[in-house]
Amino acid sequence: MSVIEQRREILFKVGATLVILLLVLFAVKGLFVVYTDQIGTIWFAFILAGIGTLALLLRRFPNLGDKERECLSGSWSGVITHTLLGLVMAGLVYVIFMSGIVTGDGGKGLVTTNLFPKFFYPKNDADTVMNFQYIIGIRPATIQEFGKLLVWSFLAGYSERFVPSLVESLENRVGGGQ
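Thoughts on the packing of aromatic side chains
Next up, step 1: Inspection of the entire model under this criterion finds eight aromatic pairs.
Next up, step 2: The ring of Phe-61 has Arg-7 lying over it, and the distance from NZ or CZ to the ring centre is 5.7 Å.

Pasting the structure below:
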């Protein structure tokens with residue numbers, strides 16, 4: 001296969017992966033809305049992470065070596081693996097923000113900055129069992145905070161070192177780093 005054919009094949013796979021990702025996530029989000037009456041914000045985080053991952057592949061596209069180009073054009077696994085890894089990283093970032101380990105300005109997390117989104121937590125009585133409805137009620141506090149979440153989700157998919165670096169930083173802050 002020529003270099004031009006390999007590049008076309010890679011572009012096709014990146015585009016098809018994006019379309020499939022969006023269709024699957026919107027379908028799952030649609031079912032989620034039907035059964036819970038809430039949209040939820042994690043789906044948007046996943047979508048932006050997937051777009052970030054595919055944007056990274058496109059950014060690297062002109063500089064791909066022969067071996068990388070051959071791998072990505074010959075099999076779907078390279079594109080799909082990158083995309084799934086980006087989704088996992090976005091899920092981890094979402095949980096880190098949701099848990100309050102890192103927080104927006106004025107929070108009480110290990111790392112606090114106005115760059116991280118603040119989350120809203122619904123009231124939960126002491127005698128009420130925590131359930132799925134409560135968990136999905138945890139969301140960015142404002143539309144600006146939602147925007148911050150989307151930016152960080154994109155970065156989680158785009159940057160291969162962002163989430164591991166964040167986890168290492170948190171590990172060092174709690175004394176577990178070496």
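Still more ground to cover, so stick around.
Structural notes on helix α6 (residues 143-158)
Next up, step 1: Between its terminal C-alpha atoms α6 stretches 22 Å, which fits the 22 Å expected from 16 residues at 1.5 Å a residue.
Next up, step 2: Tucked inside the fold, the buried residues of α6 contact α2 (42-60), α4 (77-99), β3 (119-120), β4 (139-140) and α7 (162-173).

Points about the side chain of Thr-53
Next up, step 1: Relative to the elements of secondary structure, Thr-53 occurs in helix α2.
Next up, step 2: Its relative accessible area of 3% is what places Thr-53 among the buried residues.
Next up, step 3: From its side chain, Thr-53 meets the backbone oxygen of Gly-157 in a polar contact 3.1 Å long.

A short note on the nonpolar core
Next up, step 1: The biggest cluster of nonpolar side chains holds 21 residues, and the ones touching the most others in it are Val-93, Phe-97, Val-102 and Phe-162.
Next up, step 2: For this core, the secondary-structure elements that each account for two or more residues are α4, α6 and α7.
Next up, step 3: Not counting the four nearest positions on each side in its chain, Phe-162 is found in contact with Val-93, Trp-152, Leu-155 and Ala-156.
Next up, step 4: The next biggest cluster of nonpolar side chains, apart from the first, holds ten residues, and it includes Leu-21, Leu-25, Ala-49 and Ala-90.

A look at α2
Next up, step 1: Here α2 is 19 residues long and its end C-alpha atoms lie 27 Å apart, about the 27 Å a rise of 1.5 Å per residue gives.
Next up, step 2: For α2, the full list of buried residues reads Trp-43, Ala-45, Phe-46, Ile-47, Ala-49, Gly-50, Gly-52, Thr-53, Leu-54, Leu-56 and Leu-57.

With respect to the environment of Arg-173
Next up, step 1: The residue Arg-173 is located in helix α7 in this model.
Next up, step 2: A relative accessible area of 52% places Arg-173 in the exposed class.
Next up, step 3: Spatially, the C-alpha atom of Arg-173 lies 23 Å from that of Val-88, the residues being 85 residues apart in sequence.

Description of the environment of Phe-32
Next up, step 1: Here Phe-32 lies in helix α1 (residues 3-36).
Next up, step 2: Taking C-alpha positions, Phe-32 is 9.7 Å from Trp-43, a pair spaced eleven residues apart along the chain.

Comments concerning the pattern of salt bridges
Next up, step 1: Evaluation of the coordinates by the stated rule reveals four salt bridges.
Next up, step 2: The shortest N-O distance in the salt bridge between Asp-66 and Arg-69 comes to 2.5 Å. In this pair, Asp-66 and Arg-69 both sit in helix α3 (residues 66-74), three residues apart, roughly one turn of the helix.
Next up, step 3: Look at Asp-66 and you get exposed, because its relative accessible area is 55%.
Next up, step 4: Glu-168 is the partner of Arg-161 in a salt bridge, and the nearest nitrogen-oxygen pair spans 3.5 Å.
Next up, step 5: With relative accessibility at 39%, the residue Glu-168 sits in the partly exposed group.

The rules behind the values
- Residues numbered from 1 in each chain as written.
- Predicted model: local features only at pLDDT ≥ 70, side-chain atom pairs only at ≥ 80, totals over all residues.
- Heavy atoms only, no water.
- Phe/Tyr/Trp six-rings, centres within 6.5 Å; stacked < 30°, edge-to-face > 60°.
- Lys NZ or Arg CZ within 6 Å of the ring centre and 35° of its normal.
- Helix = DSSP H or I, 4+ residues; strand = E, 2+ residues; numbered from the N terminus.
- Expected span 1.5 Å × (residues − 1).
- Contact = heavy atoms within 4.5 Å.
- Buried < 20%, exposed > 50% of the residue type's maximum accessible area, 1.4 Å probe, protein only.
- Polar contact = N/O pair within 3.5 Å; in protein donor to acceptor, adjacent residues only side chain to side chain.
- Core = buried A, V, L, I, M, F, W, Y, C linked by side-chain atoms within 4.5 Å.
- Salt bridge = Lys/Arg side-chain N within 4 Å of Asp/Glu carboxyl O.

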